[in-house]
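# Tertiary structure, described
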Amino acid sequence: MNKAVNSGVWSGSWVAERLGVELLGDPELTDLLGLALRRNPKRAHLLVSNVLGKHVPQSPSIVYGYGVTLGHRVRDLLGPEESRRAVVLGYAETATGLGHAVADGIAVAPYLHSTRRPVPGVATAGGFEESHSHATSHLLLPENPELLSSEGPLVLVDDEFSTGNTVLNTIRDLHGRYPRDRYVVVALVDMRSPADAGRLGDFAAEMGARVDLVAAASGTVRLPAGVLEKGQELVARYEAGGAGTGDSSSAAPSGLAAQFPAPLKATGQGVENGPIPNSPGARGTARPAPTGPQPKRVDLRWPHHLPDGGRHGFTPAHRIRLEAALPAMAARLADALPSNAHRVHILGFEELMYAPLRLARELEQIVDADVTYSTTTRSPVLAVDDPGYAIRTRLTFPAHDDPADGPGDRYAYNIAGAGFDAVVAVVDSRGDTPELHGLLAELAAHTPHVVLAVVPSYVPERPPMLPEPLRGPAFSSYAPEEVGWLLQDLSDVTLEAPTEEREEAIQSGGAHYAESLPVEYQPSEQYQELFHTALDEAAGRLALAVGAVTELVLAERSPHPVLVSLARAGTPVGVLMRRWAQYRHGLDRPHYAVSIVRGRGIDANALRYLAAHHDPADVVFVDGWTGKGAITRELADAIREFEESDGITGFDPEIAVLADPGSCVKTYGTREDFLIPSACLNSTVSGLISRTVLRSDLVGPHDFHGAKFYRELAGADVSVEFLDAVAARFPDVTDAVTTLAKELLAADRTPTWEGWAAVERISEEYGIHDVNLVKPGVGETTRVLLRRVPWKILARAGAGADLDHVRLLAEQRGVPVEEVAELPYTCVGLIHPKYTRGATGADGRAVSV
């Protein structure tokens, strides 16, 4: 609709004749673009698209069709597999609808558009500047940050590609946060100069990424010398003199209606020529209030919690819901129109372009009327009532969505004098304010029927507030200041299963070990005596290791650490490290316990809680010991996934442990494999807390992992006795800790992972072929005897009192103990690789099944 009907005049000729501006390139450029002038210190001319649906009323089928066709071309370029991995990003405000249509054309790609509207409670995932724009700052507010962190192609969509600066700024910002291998730039018109075209290629090569360009037409704008100054002078002259201007503050007939195809209906309304104020429609400008009929409201019955656009992301699943709902919503609009309406216009609202476009296109299919579409805008453009100028008339009205940058004027172009029988204003609920009357009154002055449809402004659902940590004595036998458990209390749920039944279910693949709990082992009197003996003998050794690892943390990790134990074996160690920091340095540091599950990762909600209350860089994860290093690797993978999913960075996955016999970490108190008495028992040395549970019917997406508090075992609880016995030795080992810490700080503590290598050798030698069934070290071997169905125990020849409790447990359970001369650990527990309740493996090798 670039040429006036019956005149054949190009809607850019007025500017071209006066400023010498030329469009060079594909012949269809003058069909796609007109020209106008704006008051802008960076660029005088404005390329006005005839097929975008922003400034120029156009058939919604044409507007939508251009975007979808570009999307088809992107899909063909990427191929089916890459298209499924792609994400489409559109630019606010002008290209929000175009970008969404491109995503529809790709069909399988989610969509996100930038926005200039901050949304309380929604975190910013990025931003960039559009240097030549009237309003430059763009925000990215995805509900799901994975939209930007995925590794697939990013498709960037704008209405025009003029210099490439906006795209460069976008890619620079996003590539630094979420690097990827491929970008596709999409525009209705590519109007870059040769120099700008080469700049994008150089930038892509510098990043090591591929950048493709898809456009409906290409060319360039030839600007004569001094065009900016000439344009500014021309705008000032027309604003001062008013000759031929088309501002809505006036009322003689306009020739704009002649640009629209028949049938036309004369309304007797138009605009008169008159001066445009220096700041059109600014506060304080006298303007008679337009009069007219009150708007008719239509309840679209927009689907519940369906996004109104791509401000927070729009997925293929959302697209399916919208397609299903559109016919009924368009029918409700049709019912609200007068029966004799021949020319109907759908007017969208700034960034809200896609929803009105789809409603207009659907309406176009079911009514016997010419339907056109455009949207309001915040960009001020000079209006000149001339067939050779792209912006013939302008309506000016106050902003009505409480914008972040304060009150100001907004505009609707080429509506006044167009002869519409009805105008349907589609706004989102954020814009349905008393100030909206300004727009509705302006529309009522130029059309006999105004209809208002309000789409609910989509705001991402905030997950429920995470609860405060559980603390003793309500949960655990520890003092409340010793540890906060980032867990949910499942004490009333029956989770225990007989050990043999549980083992069979785990190995058969019928259950994950974290979905149930073993029956708590009740130690005999003889075994309890062994624990107390071991504690008396090892307390000083433990105190030395606790002091050393705490000093390493304070020296290398953070002077004010937030200790986060991996429940539950890490919890007593975390409490002791906290006590050492108090004893030696007067520090009162927070300490939490969180769940980590092999194969499932760390509790992401616990990480979210920590990030909300502390600097992630201060968090130090604590565990009792390393075996082969499986949890060390699990934590590193889980933190990486969490950063990608939530965009929260700073957590260091390096674990601090009391003992590192597997050589898996660099922050430890010792690398000797010795008995840590807390490994001898289960809950009765860990605050009466069970191991953690992760089961989908008990733990929802916004819940912490679960655990039980065994209050009934209070009579056998030695948790505080264990802590006090070790802490009582702190004064005895203070000097030794200072010496040991200095030695460790000066030593090469690079992990060698020799424990993992040893486990792999044992797994193959004994025919197990699964490292998860090999449990190295005193602590892990004890766990096998207490919780699993052990097959046999390998003990280092000559191992002494450190293995007394292991031998006793093995005897009680009928498990053979085999002494091995060359064993890198004090002992290793083996779980039968083909366990059923009938398997024995008495020959010392894995059974063949």
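Nothing here was measured: the structure is a model prediction, and the numbers come from that model.

## Some thoughts on the overall build of the protein
- What the protein contains, in helices and strands, is 21 helices and 33 strands.
- Of all 849 residues assigned to the protein, the portion counted as buried reaches 58%.
- For the protein, the share of sequence-separated contacts (at least 6 apart) that also reach a separation of at least 24 residues comes to 77%.
- A total of about 32,300 Å² of accessible surface is found on the protein, and carbon and sulfur atoms cover 51% of it.

## So, unusual backbone geometry
- Of note, the bond from Gly472 into Pro473 is cis; its omega dihedral lies within 30 degrees of zero at 0 degrees.
- Along the chain, the position of Pro473 falls in the loop between strand E17 (450-455) and strand E18 (484-485).
- The omega angle of the peptide bond from Ala567 to Arg568 is 0 degrees, so this bond is cis rather than trans.
- Within the element layout of this structure, Arg568 appears in the loop between strand E22 (562-566) and helix H14 (570-585).
- The residue Leu688 is not glycine, and still its phi comes out positive at about 65 degrees.

## What about the packing of helix H15 (residues 604-613) against helix H16 (residues 630-646)?
- Taken N-terminus to C-terminus, the directions of H15 and H16 make an angle of 70 degrees; their axes are 11 Å apart at the nearest point. By the angle class used here, H15 and H16 are roughly perpendicular. Of the two elements, H15 crosses H16, and the hand of that crossing is right-handed. Along the contact surface, H15 presents Ala604, Leu607 and Arg608, while H16 presents Ile639, Phe642 and Asp646.

## Points about the sheet that holds strand E13 (residues 370-375)
- Strand order in the open sheet formed by five strands is E11-E17-E16-E12-E13, with parallel pairing between adjacent strands. Both outer strands of the open sheet, strand E11 (296-298) and E13, are each paired with one neighbouring strand and no more. Put simply, the sheet's adjacent strands are angled 25 degrees from each other on average, direction ignored.
- Where E11 and E17 come together, three bridges link them in parallel fashion. From the neighbouring strand, Lys296 faces E17, where its bridge partner is Val451.
- Each of E11, strand E16 (422-428) and E17 touches helix H9 (residues 316-336); the most contacted strand, E11, lies at about 165 degrees to it.

## A closer look at the confidence of the model for the protein
- Residue-level pLDDT values for the protein average 84, and 87% of them are 70 or greater.
- Taken as a whole, residues 258-290 scores under 50 in pLDDT and shows 95 contacts with residues more than four places along the chain or in a different chain.
- Overall, residues 836-849 carries pLDDT values under 50, and its contacts beyond four positions in sequence, including any with other chains, amount to 24 contacts.

## Comments concerning the pairing of E13
- Counting buried positions along E13 gives five out of six residues, so the element sits mostly inside the fold.
- As defined by bridge partners, strand E12 (residues 343-348) adjoins E13 across six bridges and the pair is classed as parallel. Counterpart to Gly348 in the pairing with E13 is Thr375.
- This β-α-β element, E12 to helix H10 (residues 354-366) to E13, shows right-handed connectivity.

## Comments concerning the side chain of Arg749
- Turning to its location among the elements, Arg749 is positioned in the loop between helix H18 (730-746) and helix H19 (754-765).
- Once you skip the residues sitting within four places of it in the chain, Arg749 turns out to touch Leu552, Glu556, Val665, Lys666, Thr667, Tyr668, Arg671 and Leu744.

## Comments concerning a negative patch on the surface
- Taken together, the side chains of Glu146, Glu151, Asp181, Glu641 and Glu644 define an acidic patch exposed on the protein surface.
- Of note, Glu151 is situated in the loop between helix H5 (146-149) and strand E8 (154-161).

## A closer look at the environment of Leu148
- Note on placement: Leu148 falls in helix H5.
- Linking Leu148 and Gly647, residues 499 residues apart in sequence, is a C-alpha distance of 9.5 Å.
- Sequence-distant contacts of Leu148, that is, excluding residues within four places in its chain, are made with Leu112, Ala125, Leu140, Pro142, Leu174, Tyr178 and Arg180.

## Structural notes on the packing of aromatic side chains
- Using the criterion set out here, one finds 14 aromatic pairs in the structure.
- When the centroid spacing of 6.1 Å and the interplanar angle of 65 degrees are considered together, the rings of Phe314 and Tyr354 count as edge-to-face. Placement of Phe314 in the loop between E11 and H9 and of Tyr354 in helix H10 is noted, with a sequence separation of 40 residues between them.
- Look at Tyr609 and Phe704: their rings are 6.4 Å apart centre to centre, the planes differ by 75 degrees, and that puts the pair in the edge-to-face class. Of this pair, Tyr609 sits in helix H15 while Phe704 sits in the loop between strand E28 (667-670) and strand E29 (706-707), and the two are 95 residues apart along the sequence. Taken as a pair, Tyr609 and Phe704 share a single burial class, namely buried.
- Of the aromatic side chains, those joined through ring pairs into one cluster are Phe475, Tyr478, Trp485 and Phe709.
- A cation sits over an aromatic face here: Arg633 above Trp756, 4.1 Å from the ring centre.
- Lying across the ring of Trp791, Lys792 places its NZ or CZ 6.0 Å from the centre.

## Section: helix H17 (residues 719-727)
- Listed as buried for H17 are Ser719, Phe722, Leu723, Val726 and Ala727. Take H17 and look down its axis: the buried residues cluster within an arc of 120 degrees, on one side only.
- Each element contacted by the buried residues of H17 is listed here: helix H13 (525-557), H14 and H18.

## Details of the nonpolar core
- One finds Leu37, Val88, Val155, Val186, Val344, Tyr389 and Leu443 to be the most contacted residues of the largest nonpolar core, which totals 132 residues.
- Considering every element that reaches this core, the biggest residue donor is strand E9 (residues 182-190), with seven residues.
- Ignoring sequence-local partners within four residues, the contact set of Leu37 consists of Trp14, Val15, Leu19, Ala44, His45, Leu234, Val235, Val381, Leu382 and Tyr389.

## Looking at the sheet that holds E22
- Strand order in the open sheet made by the six strands is E18-E23-E22-E26-E27-E28, with parallel pairing throughout. The open sheet has two edge strands, E18 and E28, and neither has a second partner.
- Looking at chain direction, strand E27 (residues 655-659) and E28 are connected through three bridges and run parallel. Within the sheet, the bridge partner assigned to Val657 lies in E28 and is Tyr668.

Rules behind the numbers
- Residues numbered from 1 in each chain as written.
- Predicted model: local features only at pLDDT ≥ 70, side-chain atom pairs only at ≥ 80, totals over all residues.
- Heavy atoms only, no water.
- Helix = DSSP H or I, 4+ residues; strand = E, 2+ residues; numbered from the N terminus.
- Buried < 20%, exposed > 50% of the residue type's maximum accessible area, 1.4 Å probe, protein only.
- Contact = heavy atoms within 4.5 Å.
- Areas by Shrake-Rupley, 256 points an atom, 1.4 Å probe, with all protein chains shown as cover.
- Axes fitted to C-alpha atoms, helices over the stretch in contact; angles between N-to-C directions.
- Parallel < 35°, antiparallel > 145°, perpendicular 65-115°, else oblique.
- Left-handed = near helix turned anticlockwise from the far one by under 90°.
- Pairing = 2+ DSSP bridges.
- pLDDT = per-residue confidence, 0-100.
- Right-handed = clockwise from strand over helix to strand, strands pointing away.
- Patch = residues over 30% accessible without salt bridge, like charges linked within 9 Å, V, L, I, M, F, W, Y side chains within 5 Å.
- Salt bridge = Lys/Arg side-chain N within 4 Å of Asp/Glu carboxyl O.
- Lys, Arg positive; Asp, Glu negative; His and termini not counted.
- Charge placed at Lys NZ, Arg CZ, Asp CG, Glu CD.
- Phe/Tyr/Trp six-rings, centres within 6.5 Å; stacked < 30°, edge-to-face > 60°.
- Lys NZ or Arg CZ within 6 Å of the ring centre and 35° of its normal.
- Arc of directions from axis to C-beta.
- Core = buried A, V, L, I, M, F, W, Y, C linked by side-chain atoms within 4.5 Å.

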